[in-house]
Structure formats: structure tokens, C-alpha cells
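Secondary and tertiary structure notes
So you can see what is in the structure, the chains are spelled out below.
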Amino acid sequence: MALLETAIVASDWLKAEDGSYRSRDTAIIASGAGKLVSGTVLAKVAATGKYVPAAAAGSDGSQTAVAVLLFPVDATSADAKAVIVSRHAIASHNGLTYGATINDATKRAAANAQLGAVGIIVRQGA
């Protein structure tokens, strides 16, 4: 019997959001970002206005976490439309997925603080 992969769903990380879906926005995920799962922490590239997985360093906006992807998308070879959580929400750190360069507790804490600055509170635990 093969092991089944468990898909990440919004309820794994999104614990509360503002009523009437005011926490959500639509966005474009930049081509080349790859296949992203729900809970991917995103940054907005200043020059294009498109979103990419947040990075630990940069100077184009990709270094500042500002949103979390609500539903999975495939932006491997083309831009992809997406729904993001961009404000007034509570997230569990357990379900969040960070960009490849956000690879230790210090960098995750910095990204979580950036999310807090836009009103997305990241809590430890469930």
C-alpha cells in the first residue's frame, strides 16, 4: 500500500479571518514561482506587483512577507491567479510554508513579524 500525501488546506493554518472575507484579496503569482501550497508565505515584487514566495533577503520587495496563499496554485511556467490572505487574520505557524531561503527559526520569526505588520498574526501551536 502506497502512502498518501496529505495536502495542506487553509484550515491547517488559517485560524481566524475578518468577516465578509475582508481578509482576502486576489493576486497574481509570478511565473517561475512553481507549485505553491496553501499557507505559502508571500512577498510582493515592487516592480511588477506580482507575488512570489517570501525570501530572507532581497531588494525588490521579495524580502518582505505581506500575505499568505489561501489555495494552491501552479505558477511554474505562467503567471497564476490566486486568492491571498493579506490582512486581519490569525494563522498557526505549523501550517505555513516559507520560501527556501527562510530556513531557520530566526528567519521565520522575521517573516512572521513582517506578516504581523500587515495584520496577520502568526501564533505558535494550533
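Scope of this entry: the structure provided in the associated data block. (Residues numbered from 1 in each chain as written. Predicted model: local features only at pLDDT ≥ 70, side-chain atom pairs only at ≥ 80, totals over all residues. Heavy atoms only, no water.)

**Comments concerning the sheet that holds strand β9 (residues 89-92)**
Read from one edge to the other, the open sheet built from three strands follows the order β1-β9-β10, with strand pairing classed as mixed. Only two strands of the sheet have a single neighbouring strand rather than two, namely β1 (14-17) and β10 (120-123). Averaged over all neighbouring strand pairs, the angle between strand axes comes to 15 degrees, with direction disregarded. Direction of pairing for β9 relative to β10: parallel, over a ladder of four bridges. Bridged to A89 within β10 is I120. (Pairing = 2+ DSSP bridges. Helix = DSSP H or I, 4+ residues; strand = E, 2+ residues; numbered from the N terminus. Axes fitted to C-alpha atoms, helices over the stretch in contact; angles between N-to-C directions.)

**Structural notes on unusual backbone geometry**
Note: most peptide bonds trans; most residues except glycine with negative phi. Within the chain, Y21 stands out as a residue other than glycine whose phi angle is a positive 60 degrees. Tracing the backbone shows Y21 in the loop between β1 and β2 (24-29). Under the relative-accessibility criterion, Y21 is labelled exposed at 55%. Located in the positive-phi region is H88, a residue other than glycine, with phi close to 45 degrees. Here H88 lies in the loop between β8 (80-85) and β9. By relative accessible area, H88 is classed as partly exposed at 40%. (Buried < 20%, exposed > 50% of the residue type's maximum accessible area, 1.4 Å probe, protein only.)

**What about helix α1 (residues 105-117)?**
Taking 1.5 Å per residue, 13 residues should reach 18 Å; α1 reaches 18 Å between its end C-alpha atoms and fits that length. For α1, the full list of buried residues reads A111, N112 and L115. For α1, the angular spread of buried residues about the axis comes to 100 degrees, placing them on one side. Turned more than 90 degrees from where α1 packs its buried face, T106 and A117 sit exposed. Packed against the buried residues of α1 are β4 (41-44), β6 (65-69) and β10. Near the N-terminus of α1, the side chain that reaches the backbone nitrogen of T106, with its oxygen 3.1 Å away, is that of D104. One or two steps after α1, the chain reaches G119, where phi turns positive at roughly 95 degrees. (Expected span 1.5 Å × (residues − 1). Arc of directions from axis to C-beta. Contact = heavy atoms within 4.5 Å. Polar contact = N/O pair within 3.5 Å; in protein donor to acceptor, adjacent residues only side chain to side chain.)

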